[in-house]
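# Survey of secondary and tertiary structure
Chain residues, written in single-letter form:
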Amino acid sequence: MAGRINDDDVKAVRDAVPIDAVVSEYLQLRNAGGGNLKGLCPFHDEKSPSFQVSPSKGLFHCFGCQEGGDTIAFVMKIDHLQFSEVVERLAAKAGITLRYEEGGYNPSHQRGERIRLVEAHKAAAQFYVEQLDGPEAEIGRKFLAARGFDQAAAAHFGVGYSPAGWDHLTRYLRGKGFSDKELIASGISQDGRRGPIDRFRGRLMWPISDTAGDIVGFGARKLRDDDNGPKYLNTPETAIYKKSQVLYGIDLAKKDIAKASRAVVVEGYTDVMACHLAGITTAIATCGTAFGGDHIKILRRLLMDNGSARVIFTFDGDAAGQKAALRAFEDDQKFAAETYIAIAPDNMDPCDLRLAKGDEAVRDLVEPRTPLFEFALRQIVGRYDLETPAGRAAALDEAAPVVAKIKTGSVQREVAVQLAGFVGILDQEYVVHRVNQLAQWARGRGDQRGPARSSSRADAKHQQIQAPTGPSGPALNLRSPAHRTERELLKLALQRPALVSPAFDAYGMDEFTAPPYAAVRQCIAEVGGAELGVAETREYLVQVLDATPNETVRKLVTELAVEVFHGKSIDEAYAGEHLVKVRLRAVDRRIDDVQGSLARLGSNVAPDHLAAAQNEVWVLQQYAQSLRNSGADAL
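Notes on the structure in this doc start here. (Residues numbered from 1 in each chain as written. Predicted model: local features only at pLDDT ≥ 70, side-chain atom pairs only at ≥ 80, totals over all residues. Heavy atoms only, no water.)

### Considering the overall build of the protein
Helix and strand counts for the protein come out as 27 helices and 18 strands. Burial status across the protein gives 50% buried among its 635 residues. For the protein, the exposed area adds up to about 29800 Å²; of that, 49% sits on carbon and sulfur atoms. (Helix = DSSP H or I, 4+ residues; strand = E, 2+ residues; numbered from the N terminus. Buried < 20%, exposed > 50% of the residue type's maximum accessible area, 1.4 Å probe, protein only. Areas by Shrake-Rupley, 256 points an atom, 1.4 Å probe, with all protein chains shown as cover.)

### Here's the deal with empty space enclosed by the protein
Scanning the model with the defined rule gives three cavities of 30 Å³ or more in all. The calculated volume of the largest cavity comes to roughly 50 Å³. Around the largest cavity, the lining residues are R14, K57, G58, L59, D70, T71, R538 and V542. In terms of residue class, the lining of the largest cavity is built from two nonpolar, two polar and four charged. The space that makes up the second largest cavity amounts to roughly 40 Å³. Here the lining of the second largest cavity is composed, by residue class, of four nonpolar, no polar and three charged. (1 Å grid on protein atoms, 1.4 Å probe; cavity = no way out; pocket = protein on both sides within 12 Å on 5 of 7 lines; lining within 4 Å. Points joined across faces, edges and corners; volume = space filled by probe spheres on them. Nonpolar A, V, L, I, M, F, W, Y, C, P; charged D, E, K, R; others polar.)

### A look at the sheet that holds strand β14 (residues 310–313)
Pairing is mixed across the open sheet formed by five strands, whose spatial order is β13-β12-β14-β15-β16. Where the open sheet ends on each side, the last strands, each with one partner, are β13 (283–285) and β16 (370–371). Sheet topology note: the β14/strand β15 (residues 338–341) ladder contains four bridges and is parallel. The residue bridging V311 from the neighbouring strand is T339, located in β15. Contacts from helix α10 (residues 250–260) reach β12 (262–266) and β13, with the element oriented near 130° to β13. (Pairing = 2+ DSSP bridges. Contact = heavy atoms within 4.5 Å. Axes fitted to C-alpha atoms, helices over the stretch in contact; angles between N-to-C directions.)

### Remarks on the pairing of strand β4 (residues 59–62)
Of the two faces of β4, the one holding L59 and H61 and the one holding F60 and C62 are both buried throughout. Relative to β4, strand β3 (residues 51–54) runs antiparallel, the two sharing four bridges. Across the sheet, the residue bridging to S54 is L59, located in β4. Linking β3 to β4, which pair antiparallel, is a turn of four residues; within it G58 sits at a positive phi near 70°. As judged from the three bridges shared by β4 and strand β5 (residues 68–70), these two strands associate in the antiparallel manner. Note that in β5 the partner of H61 across the bridge is G68. Linking β4 back to β5 in an antiparallel pair, the connection comprises five residues, with Q66 at a positive phi of about 70°.

### Some points on helix α21 (residues 481–495)
Between its terminal C-alpha atoms α21 stretches 21 Å, which fits the 21 Å expected from 15 residues at 1.5 Å a residue. Counting buried residues along α21, 13 of its 15 residues qualify, which places the element largely inside the surrounding structure. (Expected span 1.5 Å × (residues − 1).)

### Digging into the nonpolar core
Grouped together as the largest cluster of nonpolar side chains are 44 residues, with contacts concentrated most on L144, V159, L204, W206 and Y248. Of the residues forming this core, the biggest block, five residues, is contributed by helix α11 (residues 269–277). Dropping the residues within four chain positions of it, W206 is found in contact with F143, L144, V159, G217, F218, G219, R221, Y232, Y248, Y269, T270 and M273. Counting residues in hydrophobic clusters, the runner-up holds 37 residues, among them V520, V527, L560 and V582. (Core = buried A, V, L, I, M, F, W, Y, C linked by side-chain atoms within 4.5 Å.)

### Re the packing of aromatic side chains
In this structure the tally under the stated criterion is 17 aromatic pairs. Here the aromatic rings of F291 and F313 are separated by 5.2 Å at their centres, their planes lie at 85°, and the arrangement is edge-to-face. One end of the pair, F291, is in the loop between β13 and α12 (293–303); the other, F313, is in strand β14, and 22 residues separate them in sequence. With respect to burial, F291 and F313 carry one shared label: buried. An angle of 65° between the planes, with centres 6.2 Å apart, marks the rings of F504 and F512 as edge-to-face. The two residues F504 and F512 agree in class, both being buried. By the ring-pair criterion, three or more aromatic residues cluster together here, those being Y26, F43, F51, F60 and F74. Positioned over the ring face of F143 is R147, at 3.6 Å from the centre of the ring. Here the basic side chain of R583 rests over the ring of Y507, its NZ or CZ set 4.1 Å away from the ring centre. (Phe/Tyr/Trp six-rings, centres within 6.5 Å; stacked < 30°, edge-to-face > 60°. Lys NZ or Arg CZ within 6 Å of the ring centre and 35° of its normal.)

### A word on the sheet that holds strand β10 (residues 215–222)
Sheets are built from strands paired through backbone hydrogen bonds, the pairs being either parallel or antiparallel. Spatially, β6-β9-β10-β11 is the arrangement adopted by the four strands of the open sheet, whose pairing is antiparallel. The open sheet has two edge strands with one neighbour each: β6 (160–162) and β11 (232–234). Neighbour to neighbour, the strand axes of the sheet diverge by 35° on average, direction disregarded. One ladder, built from three bridges, connects β10 with β11; its direction is antiparallel. Each residue of the ladder has a partner; that of A220, found in β11, is L233. Against the sheet, helix α5 (residues 113–131) makes contact with β6, β9 (203–209) and β10, and its axis sits at roughly 35° relative to β10, the strand it touches most. Relative to β9, α11 is tilted by about 70°, and along the sheet it contacts β9, β10 and β11.

Rendered as structure tokens:
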């Protein structure tokens, strides 16, 4: 049995794979100052970026949900992998051969489930691509050619062909070392009467990748009339494929989506291909399901959800397309981006439009034309006879609740005014009032279902952090000047150890009044102090993280290691100021303790004890005065 991965190899993987490169596969990062990067957290829903990455330290931390750690921790969390699986995955990317402490190299059958399933899909995709060149696949090549896709286009998108036999791929993957259990779990094979058989047979195959670029499923298009299956058949739900959480083409489009702050949502695989080949490289599509909340989360992280971002839907103009547009509008408020809908003339999809009118027509199609809310409201209103008072009233009854869902008051009012125009009601204020009433009623129902969230909840979370297991005492309060100073000093010790070493290493745990900070100080002491980080900050941080007693302290270390400093110039003077403030407060506290003890004892104190205490107070007072007069030189 393979043992634990060699520690030196784990370190080599951490050093070889930049954390910003890994995180950028899942979300857009922008400059946050101080060498850090920021983005929308992938671990909780937010509209303002509180997720920060420090490339120089190899750490991330979210100041909203408190998740944090290194590159390995990030991948473990976002892809739900075990530690060894992540190290193996990153090592493969970096070209590092791993060593194992017991039993030599890791046999393939002992590798993590997700890695094995991804490898099976990668092998299957290559098999399908090779089959597309064979005689049997001529029907598939003709299908592609008829839709304007040549061999180069098929290769770019990894399009392949699944042979019509029962178990061609299954036998091929068995030969590659995959077990029947793995093939069934992957969704590539399915149970047959005499064992596993191929799930996809005699179809064109599109590989479906996740945001990181790993193939996790397939979309299969029917080619023959004697195929009794659906027109499109997708991989079933598996450990790595959740159709509500994948977008076809996201691996190819994500960089351009982030760069342009624009995403184009189309309906099928060939539409994505047509758009990309026409120059619309931000096109993506859902995989056999409606566009929903999980898809929005993926796009929001890439778009950074700023006000200039745009999402353009290209639904067909038929009844199904209109229904899809209305569903999308229901989720519209989850975007900060502006949303639009584009419908081609004659209700053609992008693939048909490219065939009929060329690439330029596709590019023209996705230029924002109609705001999604306007399209949705016109679809609702269009069902009624607006020539009659009853028809206008009925249209308003259906459309007003839709407008009432808009969360921003100013936007809600503006859309309500437009709705009045669509319906033909001259009294705009009546419509605005009606919408406002419905919105208030909806909020009231929400209050009855449960308490509303406090708008200051996030602020309260930052102001009050419960102490981790360890030193007892008052909880951390960021309004306290003492706690703010201690926090800044620990940030210096973790991020810029050369500025505070060796003075910092002489500070005791009792000089930090916040128990969480005392716990962090103890971790730094256990690895040899800040002096250890002067030569190699990243390795020093890894050791400090390894020394943390629990997850609470670990998260606080990552938070302090990536948080920006409050000062404008982070230099020796700034470091000296905080060293002095923390020490001076500790000295003043000791003076107060000794004097308070003497006051409580009164005349009962022994003469020798009184003399020793008075001498200690005098020495401490002199030291405090020296700190005030000479600053860091007195440390």
